[in-house]
Structure formats: C-alpha cells, structure tokens
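Listed below, chain by chain, are the residues.
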Amino acid sequence: MTQKKTFKGIKITSENKCGFCDGAKCCAYITEQLETPRSMHDFDHLLWQISHENIRIYKDDEGWYLLVERTCLHLQKDGRCGIYDERPHVCRQHSNDYCEFDAPAEEGFDLYFHDFDQLTTYCKKRFKGWGKRFVKFEKEYE
Ligand code: SF4
Ligand code: SF4
C-alpha cells in the first residue's frame, strides 16, 4: 500500500494533500464497531440493517463494522471543516499519511457487503439451512 506522490503533476505533501481530495472522503461516512456476528440470528439482524439506504457492513483485522455513508454536516463546500477548532477527537486522530485519498478503504477489508444481496449470498454459504431459518426461529419462540 503506497501513498500517492503527485496529483495532476503537483507534488503531494501532508500540508497540501487534503486540498486535492474531492469532497474530503474521510468526512463522508461514519463507522461503528459491531459485536462479532456468529449466529443466524446475528446475520439476520445485519440483513435488516443493510436493507437501509447507505448502510454497508465490513470486517477487517479489528472486527466487524457498520459503515454509514453520510457526509458530515460540518463539511463546507470548499472541503474544509466548519468546526475545525471544536472538531471531535476522532477527527483529530485521523492522519492523512495514508488515507482514503490514496486508496479506497475497501482495499483493507477482509469482507465487504455493499447491499442485502451480497450479504445474503454470504449467509447462504456460511449457514447450512439458511433458507429455513425462520422455521427454526419460530420454534425457539414457542
Ligand atoms: S485526510 Fe485523506 S481522505 Fe481526508 S480529506 Fe485529507 S486527503 Fe482526503
Ligand atoms: S467534524 Fe470536521 S473533520 Fe470531523 S468529519 Fe465533520 S467536517 Fe470532517
């Protein structure tokens, strides 16, 4: 994984890099770590979540995450942060050394589910009897 060195012939430095980043890619989503899903119930719940607009799910070497693709309300039209001096700690910790400008975050994911169909395909492979899970769930509630 390497950083981009130039952009349109201009040398990229840590100071000018964010100015080249169309729409400040790191301000266009949030993530929330999930408990590791294990059971059919867990994955059925994820299917409900990913059925909603702009919700993705991924797994990397730190665990499973919910990814919500929504741009921060503080992002200004010129790509700057509108609350720079008060921005939350997580924003302060984000380094531009190697970031979404250099490569899509998905390249570092072990698993990435963009929509309901992708996750369903994974569940069918992971669980024998996935298609009959509702019968099993109903019996559990009896
Ligand atoms: S840190 Fe990276 S992704 Fe975020 S605005 Fe700067 S160049 Fe873009
Ligand atoms: S608060 Fe500022 S730095 Fe943080 S995500 Fe929003 S626009 Fe980006």
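Residues numbered from 1 in each chain as written. Chains lettered and ligands numbered in written order. Predicted model: local features only at pLDDT ≥ 70, side-chain atom pairs only at ≥ 80, totals over all residues. Heavy atoms only, no water.

Draft legend 1. Seen up close, the overall build of the chain. Counting its regular elements, the chain contains five helices and six strands. From first element to last, N terminus to C terminus, the chain shows the α and β order β-β-α-β-α-β-β-α-β-α-α. Rg of the C-alpha trace for the chain: 19 Å, well past the compact-globule value of 14 Å for 142 residues, more than 25% over. With respect to the principal axes defined by its C-alpha atoms, the chain has extents near 65 × 30 × 20 Å. Going through the 142 residues of the chain one by one, you find that 30% of them count as buried. Considering only intrachain contacts with a sequence separation of at least 6, the fraction spanning at least 24 residues in the chain is 67%. (Helix = DSSP H or I, 4+ residues; strand = E, 2+ residues; numbered from the N terminus. Rg over C-alpha atoms; globule rule 2.2 N^0.38 Å. Buried < 20%, exposed > 50% of the residue type's maximum accessible area, 1.4 Å probe, protein only. Contact = heavy atoms within 4.5 Å.)

Draft legend 2. Examining the side chain of Arg56 more closely. Inspection of the secondary structure puts Arg56 in strand S4 (residues 55–60). Of the residues examined, Arg56 reaches a relative accessible area of 11% and is grouped as buried. Of the polar contacts made by the side chain of Arg56, one reaches the side chain of Glu69; its length is 2.9 Å. Those residues in contact with Arg56 that sit more than four places away from it in its chain are Ile50, Tyr65, Leu66, Leu67, Glu69, Tyr112, Phe113 and His114. (Polar contact = N/O pair within 3.5 Å; in protein donor to acceptor, adjacent residues only side chain to side chain.)

Draft legend 3. Examining the packing of helix H2 (residues 40–50) against helix H5 (residues 133–141) more closely. Packing of H2 against H5 leaves a shortest axis separation of 11 Å and a crossing angle of 115°. H2 and H5 meet at a crossing whose hand is left-handed. Along the contact surface, H2 presents Met40, His41, Asp44 and Leu47, while H5 presents Arg133, Phe134, Lys136, Phe137, Glu140 and Tyr141. Its residues assigned to classes, the contact of H2 with H5 shows five nonpolar, one polar and four charged. (Axes fitted to C-alpha atoms, helices over the stretch in contact; angles between N-to-C directions. Left-handed = near helix turned anticlockwise from the far one by under 90°. Nonpolar A, V, L, I, M, F, W, Y, C, P; charged D, E, K, R; others polar.)

Draft legend 4. View of the site of ligand 2. In the vicinity of ligand 2, the contacting residues are Cys27, Cys72, His74, Leu75, Cys81, Ile83, Pro88 and Cys91. Of the residues belonging to the shell around ligand 2, the class tally is seven nonpolar, one polar and no charged. (Near = heavy atom within 4 Å.)

Draft legend 5. Looking closely at the nonpolar core. Counting residues in each nonpolar core, the largest one holds 17 residues, and the members touching the most others are Phe43, Leu46, Ile57, Trp64, Leu119 and Trp130. For this core, the secondary structure elements donating two or more residues are H2, S4, strand S5 (63–68) and helix H4 (116–126). At five residues, H2 tops the list of elements feeding residues into this core. In terms of nonpolar packing, the next biggest core, distinct from the first, is built from five residues, Ile12, Cys21, Cys99 and Phe101 among them. (Core = buried A, V, L, I, M, F, W, Y, C linked by side-chain atoms within 4.5 Å.)

Draft legend 6. Molecular detail of the sheet that holds strand S3 (residues 30–34). Pairing within the open sheet is antiparallel, and its four strands lie in the order S3-S5-S4-S6. Looking at which strands have only one partner, the edges of the open sheet turn out to be S3 and strand S6 (111–113). Going across the sheet, the axis of each strand differs from the next one's by a mean of 20°, ignoring polarity. Pairing analysis gives six bridges linking S4 to S5, with the strands arranged antiparallel. When the sheet's bridge partners are listed, Asp60 is paired in S5 with Gly63. Those strands touched by H2 are S3, S4, S5 and S6, and its axis lies near 135° from that of S4. Running over the sheet, H4 touches S4, S5 and S6 and is turned about 130° from S6. (Pairing = 2+ DSSP bridges.)

Purely geometric stuff here, so don't read any function into it on its own.
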